[in-house]
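Chains, contacts and geometry: an overview
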Amino acid sequence: MTKPQALIVDDEPDIRELLELTLGRMNIETRSAADLAAARQWLNDRRFDLCLTDMRLPDGDGLALVEYIQSEYPELPVAVITAHGNMETAVQALKLGAFDFVSKPVDLQALRNLVNGAIRLATFPERDRRSRDLLLGDSAIMQTIRSTIAKLARSQAPVYISGESGTGKELVARLINAKGARSDHPFVAVNCGAIPAELMESEFFGHKKGSFTGAVSDKEGLFQAASGGTLFLDEVAELPLHMQVKLLRAIQEKAVRPVGEQKEIPVDVRVLSATHKDLAPLVESGDFRQDLYYRINVIELKVPSLRQRREDIPQLAQHVVQKLAGDPAQAQLSAAAMEALQRYRFPGNVRELENILERALTLSEGREILPDDLALPETGSPAGDEDSAAPAAAEPPEGVPLEEYLESIERQAILKALDQCNNNKTAAAKALGITFRAMRYRLKKLGLE
């Protein structure tokens, strides 16, 4: 087999030599360039499996090279070398399509991990990146989602997966992992809202024996368990502020410190996160750290609600019925039942569809599932194409700016809630489904304090 080929772009001879020696010992053949012009010439002359580039070059910067490679050689993984602590530049490079980054001074083990991942990705282009049989739906929006998943699988950038409960955010995260360079390593999923606050640090980072009462042995944390693979933080909005600080450091430094340990331990983990909540208002109200938000939200992938892809319901329903019944001859949906499903709003999305059909198969007395077997909740009015079960708001009156109109609606809703709760702000916040801190923020913003 021919050796993998790597292009190293750096104007410092010492750094080039270090990288050449390290990659050479990994049985990788290297070519070097001291500036953008030489790098472009090498890219034009030869095929490479990986490009490593410094950010500061005599005739430009590494970001320009990342953009150039994304445009001309989209299958080539490119990683950037950044100054220590310069996470903003690293995040910008990831947004532009960089595979990953490594900070100066270069940690050789981190570099080897990065290179191995990139080479695995580049040298196996025949990897099946299709996910049509796993993420069902032929609607245009789902075709776009599958295409985006394939692109995200080629990167190590943190991805924030947003969407309503029941839309399949964890399935999307698993597919990003399965289609990428980390597919042979662990995928560890954790619900951040299910871990008691006092145990969070130990669960995420591990602990040393004797570090606290009950620590009878060393224990590895979730980051160590996901080593080489992917850590999926579901319901990340539920993390308390003290853990948000520690998580931010772990992501930035690519290292964790177990409870009771003096030194940090390097970790090679890709972080994916998700929540059904809108993080932006939580950032504004101070309930979610802005710096952590920017680190986990390098790339956002919005998973659509079932209401946004209503044309996929027949395919999804048939798939679920077949999966639950085992034998297609044993159960099928009647035309009337399918019509009823397509009219329903599905506030619980695909998860609710599965639950409804599982219940229907239990209640059905024959092979055909009828509308009554579905036992659909009353929804008031037929479902439309809107993205919410709530009635659509009227358009702003002519000449009224959208922001001003939305503020007036928000003000009315808050005043109504306060009136119904006898001006008890805590109760009003609960009635509106927001935190007390978010309520205070909105009251101040709208001049209602």
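Residues numbered from 1 in each chain as written. Predicted model: local features only at pLDDT ≥ 70, side-chain atom pairs only at ≥ 80, totals over all residues. Heavy atoms only, no water.

Here we take up the overall build of the protein chain. Secondary structure summary: the protein chain contains 19 helices and 16 strands in total. Here the protein chain, with 449 residues, has 45% of them falling under the buried criterion. Across the protein chain, contacts joining residues at least 24 apart in sequence account for 69% of those joining residues at least 6 apart. Of the roughly 22800 Å² of accessible surface on the protein chain, 49% is carried by carbon and sulfur atoms. (Helix = DSSP H or I, 4+ residues; strand = E, 2+ residues; numbered from the N terminus. Buried < 20%, exposed > 50% of the residue type's maximum accessible area, 1.4 Å probe, protein only. Contact = heavy atoms within 4.5 Å. Areas by Shrake-Rupley, 256 points an atom, 1.4 Å probe, with all protein chains shown as cover.)

A sheet is described by the order of its strands in space; here five strands give the open sequence 9-10-13-8-14, paired in parallel fashion. In the strand order of this sheet, the two ends are held by strand 9 (187-191) and strand 14 (299-302), each with one partner. Across the sheet, the mean angle separating the axes of adjacent strands is 20° when strand polarity is ignored. As judged from the five bridges shared by strand 9 and strand 10 (residues 230-234), these two strands associate in the parallel manner. Its bridge partner being in strand 10, alanine 189 is matched across the sheet by phenylalanine 232. (Pairing = 2+ DSSP bridges. Axes fitted to C-alpha atoms, helices over the stretch in contact; angles between N-to-C directions.)

Moving on, we get to the side chain of glutamate 235. Checked against the element boundaries, glutamate 235 lands in the loop between strand 10 and helix 10 (241-253). Within the buried core, glutamate 235 has no salt-bridge partner, and the shortest N-O distance to an opposite charge, that of lysine 169, equals 5.1 Å. Among the polar contacts made by the side chain of glutamate 235, one reaches the side chain of threonine 275 at a distance of 3.2 Å. The contacts of glutamate 235, once residues within four sequence positions are left out, are Asn191, Cys192, Gly193, Ala274, Thr275 and His276. (Lys, Arg positive; Asp, Glu negative; His and termini not counted. Salt bridge = Lys/Arg side-chain N within 4 Å of Asp/Glu carboxyl O. Polar contact = N/O pair within 3.5 Å; in protein donor to acceptor, adjacent residues only side chain to side chain.)

Moving on: helix 3 (residues 62-72). Among the residues of helix 3, those classed as buried are Gly62, Leu63, Leu65, Val66 and Ile69. Burial along helix 3 is one-sided: seen end-on, the buried residues are contained in an arc of 160°. Between the side-chain oxygen of the N-cap and the backbone nitrogen of leucine 63 there are 3.1 Å, and the N-cap of helix 3 in question is aspartate 61. (Arc of directions from axis to C-beta.)

Turning our eyes to something else, we now look at the packing of helix 3 against helix 4 (residues 87-96). One can describe the packing of helix 3 onto helix 4 by two numbers: an axis separation of 9 Å at closest approach and a directional angle of 10°. Between helix 3 and helix 4, the crossing angle belongs to the class labelled roughly parallel. As for the relative orientation of helix 3 and helix 4, their crossing is right-handed in sense. Only Thr89, Gln92, Ala93 and Leu96 of helix 4 make contact with helix 3, whose side of the interface consists of Leu63, Val66, Glu67 and Gln70. In terms of residue class, the contact of helix 3 with helix 4 is built from four nonpolar, three polar and one charged. (Parallel < 35°, antiparallel > 145°, perpendicular 65-115°, else oblique. Left-handed = near helix turned anticlockwise from the far one by under 90°. Nonpolar A, V, L, I, M, F, W, Y, C, P; charged D, E, K, R; others polar.)

Averaged over every residue, the pLDDT of the protein chain is 86; the share at 70 or more is 90%. Per-residue pLDDT stays below 50 along residues 125-129; that stretch engages in 10 contacts with residues further than four places along the chain or on separate chains. Considering only residues more than four positions removed or in separate chains, one finds that residues 384-394, a stretch of pLDDT under 50, has 15 contacts. (pLDDT = per-residue confidence, 0-100.)

To continue, consider the packing of helix 13 (residues 313-325) against helix 15 (residues 349-363). In the contact formed by helix 13 and helix 15, the axes pass within 10 Å of each other and the chain directions differ by 50°. When the interaxial angle is binned, helix 13 and helix 15 end up oblique. For the element pair helix 13 and helix 15, the recorded crossing hand is right-handed. Note on element contacts: helix 15 touches helix 13 through Val350, Leu353, Glu354, Leu357, Glu358 and Leu361, opposite Leu316, Ala317, Val320, Val321, Lys323, Leu324 and Ala325.

The biggest cluster of nonpolar side chains holds 32 residues, and the ones touching the most others in it are Phe204, Phe223, Leu231, Leu233, Leu239, Leu279 and Phe288. Listing elements by their share of this core, those giving two or more residues are strand 9, helix 8 (200-205), helix 9 (222-225), strand 10, helix 10, helix 11 (279-285) and helix 12 (290-296). Per-element tally for this core: the top contributor is helix 10, with five residues. Not counting chain neighbours up to four residues away, the residues in contact with phenylalanine 223 comprise Phe204, Phe205, Leu231, Leu247, Ala250, Val256, Val267, Val269 and Val271. (Core = buried A, V, L, I, M, F, W, Y, C linked by side-chain atoms within 4.5 Å.)

Read from one edge to the other, the open sheet built from five strands follows the order 2-1-3-6-7, with strand pairing classed as parallel. Of all the strands in the sheet, the pair left with one neighbour each is strand 2 (29-33) and strand 7 (100-103). For this sheet, the mean inter-axis angle between neighbouring strands, taken without regard to orientation, is 20°. Both strand 1 (residues 5-9) and strand 2 contribute to a ladder of five bridges, which runs parallel. For isoleucine 8, the partnering residue across the bridge sits in strand 2 and is serine 32. Across the sheet, helix 2 (residues 36-45) is in contact with strand 1 and strand 2; its angle to strand 2 comes to roughly 140°. Most of the contacts of helix 3 go to strand 3 (residues 50-54), to which it runs at about 155°, and overall it touches strand 1, strand 3 and strand 6 (78-82).

It is worth spelling out the pattern of salt bridges at this point. Overall, the coordinates contain 20 salt bridges when judged by the stated rule. Note that glutamate 12 and lysine 104 form a salt bridge whose closest N and O atoms lie 3.3 Å from each other. Placement of the pair is glutamate 12 in the loop between strand 1 and helix 1 (13-25) and lysine 104 in the loop between strand 7 and helix 5 (108-123), with a sequence separation of 92 residues. Between arginine 343 and glutamate 339 there is a salt bridge whose closest N-O contact spans 3.3 Å. Of the two residues, arginine 343 and glutamate 339 both sit in helix 14 (residues 335-343), four residues apart, roughly one turn of that helix. In this structure, a network of salt bridges that share partners links the residues Glu12, Asp54 and Lys104.

Bringing a positive patch on the surface into the picture now. Side chains of Lys425, Arg437, Arg440 and Lys444 sit close together on the surface and give a patch of like positive charge. No other element matches helix 19 (residues 436-445), which puts three residues into the positive patch. (Patch = residues over 30% accessible without salt bridge, like charges linked within 9 Å, V, L, I, M, F, W, Y side chains within 5 Å. Charge placed at Lys NZ, Arg CZ, Asp CG, Glu CD.)

With that settled, consider helix 1. Taking 1.5 Å of rise per residue, the 13 residues of helix 1 would be expected to cover 18 Å, and the 18 Å separating its terminal C-alpha atoms lies within 8% of that figure. Along helix 1, the residues that are buried comprise Ile15, Arg16, Leu19, Thr22 and Leu23. On an axial view of helix 1, the arc spanned by its buried residues comes to 135°, and they lie on one face. Those residues of helix 1 that are exposed and aimed more than 90 degrees away from the buried face are Pro13, Asp14 and Arg25. Directly beyond the C-terminal end of helix 1, a positive phi value near 65° is found at asparagine 27. (Expected span 1.5 Å × (residues − 1).)

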